[in-house]
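Survey of secondary and tertiary structure
Given next are the chains, with one letter for each unit.
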Amino acid sequence: MDTQRLILLVIFSFSVLMLWDAWQKEQRGPQTAATKPAATDPAPGASVPTPGTPSQSTPAPSASTSAPGATAQATTSVPANTAEAAARPRNRIKATTELMTVEIDPLGGDIVRIELHKHKDALDSKKNYVLISPDHRYSVQSGFTAAQLPNHKTLYQAERSEYALGSGESKLEIKLEAAGADGVRAIKTLTLHRDSYSIDINHEFINSSAAPVATKAYFHLTRDSKPPAEDQYMLQTFTGPAVYTEQVKYQKIAWSDIDKNKASIPAGTHAEGWVAIVQHYFVAALVPAGGAKREFYANRIEDNFYRAGLMLDIGTIAPQETGRASIKLYAGPQEQDKLNALATGLDLVVDYGFLTVIAAPLFWLLRLFHDGFSLGGMRIPGAGNWGWAIVLLTVLVKLVFFPLSAASYRSMAKMKLVTPRLMKLREQYGDDRAKLNQAMMELYKKEKINPLGGCLPIVVQIPVFISLYWVLLGSVELRQAPFMGWIRDLSAPDPWYVLPVIMMASMFLQTKMSPPPPDPVQAKVMMMMPLIFGVMFFWFPAGLVLYWVVNNILSIAQQWQIQRMFTGPKASAAKS
């Protein structure tokens, strides 16, 4: 009976997860596959048209369209030579380190492509994973809001078209130069570091004019709303902007909320915080230096094309003075230690949902088993294999819940012993439900059986299982991590469906070991559950199925041992 409750509770839990995911997808709205060429590119923070709103309510960018909070001088107009500069043929500037290859468009000095060398594409393992690319109109743009200063529509010049981090070098600098109006000269420097997914983006300009210049620097990420190609239908994850400040903490922003002008963006000026675009396993985040005053924004440029970013207050730069703005871009895997070291709250992009308080310690244990640890002065080496780490974590979880599950199996064993007597009572009283229930309660009292005794242990374990689900689903460390033999990627489904088949067999055996429900229809339904549940697991990550298989095997061993303790004299006494 308790096994039936366990199966039903787990199915219910997964149903809730799937319904929640479907609801989130519905809230995000339809995601358009096709994209259109950008006809206009409004200024950062400028209002943009939304479906069904009058066009006159959304002014086009012009010399008089100012960014939020900007002074009259800090306009967001595009320089007059923009169209001519954009039409010129230009080659991308390429910079390569041991971790990534970055491609820069001279127009605006935009980062338009980032290829990660140590992560392979999910659909073609021979190719490196490309995080930022024109395929999603994904780019990193920056510039100044003042009309006389360069922005993301200004054509920059570089010394050469290819850069590479040499052996013994710790960083790689790409310096871009452009001229603004009134003799203003600007330099944009991108600095890549060895063994790092961070890129420093530094702007500076010399005000060579005779008048002071009031401006802000803006940095933003652009992207369409299409999820990554590797997102599975049954395991879709969040893709979209996210913001963090000390006020609102971590906050995700749905594309549909931006479409409806309902995006909850932290208002006002902040002394801390970052903005990012999050997707499964990877993130691109803009992190200003601590203390720099910043304003956040997110808007739609056109159909299925968005941007999210922030502005830094530069102030008023006097003639012959230099204005500066800098930010750090992280574009890489969601490795929690790297993210946590970069900025407060950045590790929260590894989203374990409302059960993070349980999931985070579970991941810490999983990593501990993978890397190895010290125990009583003795070094316990890690297997260096995430599959074996999952096995060890499953054993530990099973040991922690051993007393609870033992109580559940003892209740189950007692129920199995009295099942023949319950069947006789059912035959004796027929359709008289009142007398049948009274007789059953007297039997339970006599045999000291609590028919609900197995429920609490199962209910307690459900949050742990759901937390493990999110840990195994969301941890980039398990992406393309091999286990053994045919399982070359623990984050992908078992290619030969061996683990799901073993899981079905183990669930069937557990069902056979459990007392059958008195109702024949319920009994048939419970016998079908392993098949239904197993087929669903065909599309789940192999790491999650591995956890379930190991848990089932340990449960079968524990259940068999406890039932064996209730055989012999106890069984004979119960039958009599």
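What comes next concerns the included structure. (Residues numbered from 1 in each chain as written. Predicted model: local features only at pLDDT ≥ 70, side-chain atom pairs only at ≥ 80, totals over all residues. Heavy atoms only, no water.)

Re the overall build of the protein
- Secondary structure assignment for the protein yields 13 helices and 20 strands.
- Every one of the 576 residues in the protein was classed for burial, and the buried ones make up 51%.
- In the protein, the proportion of contacts linking residues at least 24 apart, taken out of those at least 6 apart, comes to 67%. (Helix = DSSP H or I, 4+ residues; strand = E, 2+ residues; numbered from the N terminus. Buried < 20%, exposed > 50% of the residue type's maximum accessible area, 1.4 Å probe, protein only. Contact = heavy atoms within 4.5 Å.)

Points about unusual backbone geometry
- A positive phi is found at Asn261, a non-glycine position, where the angle reads about 55°.
- With respect to the element layout, Asn261 can be found in the loop between helix H3 (255-259) and strand E14 (274-279).
- With a phi angle near 75°, Tyr281 is a residue other than glycine that sits in the positive phi range.
- Mapped onto the secondary structure, Tyr281 falls in the loop between E14 and strand E15 (282-288).

A look at the environment of Gly474
- As for its position among the elements, Gly474 is in helix H9 (residues 455-474).
- Residue classification places Gly474 among the buried residues on the basis of a relative accessible area of 13%.
- Measuring from C-alpha to C-alpha, the distance between Gly474 and Tyr352 comes to 7.1 Å, with 122 residues separating the pair along the chain.
- Among all residues touching Gly474, those that are not within four sequence positions of it are His280, Tyr281, Gln334 and Val350.

Details of the sheet that holds strand E9 (residues 185-193)
- On the basis of which strands lie adjacent, the open sheet formed by 9 strands has the order E6-E8-E9-E10-E18-E15-E14-E12-E13 and antiparallel pairing. Looking along the sheet, the strands with just one partner apiece sit at the ends: strand E6 (157-158) and strand E13 (249-252).
- Relative to E14, strand E12 (residues 240-245) runs antiparallel, the two sharing 5 bridges. Directly across from Gly240, in E14, lies its bridge partner Val278. (Pairing = 2+ DSSP bridges.)

Re the packing of helix H5 (residues 356-371) against helix H6 (residues 386-400)
- Close contact between H5 and H6 brings their axes to 8 Å; oriented N to C, the two are set at 125°. By the criterion of interaxial angle, the relationship of H5 to H6 is oblique. Handedness of the crossing formed by H5 with H6: right-handed. Taken together, the residues of H6 that come into contact with H5 (itself represented by Leu362, Leu365, Leu366, Arg367, Phe369 and His370) are Trp386, Ala389, Ile390, Leu392, Leu393, Leu396 and Val397.
- Grouping the constituent residues of the contact of H5 with H6 by class yields 11 nonpolar, 1 polar and 1 charged. (Axes fitted to C-alpha atoms, helices over the stretch in contact; angles between N-to-C directions. Parallel < 35°, antiparallel > 145°, perpendicular 65-115°, else oblique. Left-handed = near helix turned anticlockwise from the far one by under 90°. Nonpolar A, V, L, I, M, F, W, Y, C, P; charged D, E, K, R; others polar.)

Re the pairing of E15
- Of all 7 residues making up E15, 7 are buried, and the element is well covered by its neighbours.
- Both faces of E15 are covered, namely the face carrying Phe282, Ala284, Leu286 and Pro288 and the face carrying Val283, Ala285 and Val287.
- Summarising the sheet, E14 and E15 pair through 5 bridges and their orientation is antiparallel. Within E15, the position partnered with Val278 by the bridge is Val283.
- The pairing of E15 with strand E18 (residues 322-333) spans 7 bridges and is classified as antiparallel. Bridge assignment links Pro288 to a residue of E18, and that residue is Ile327.

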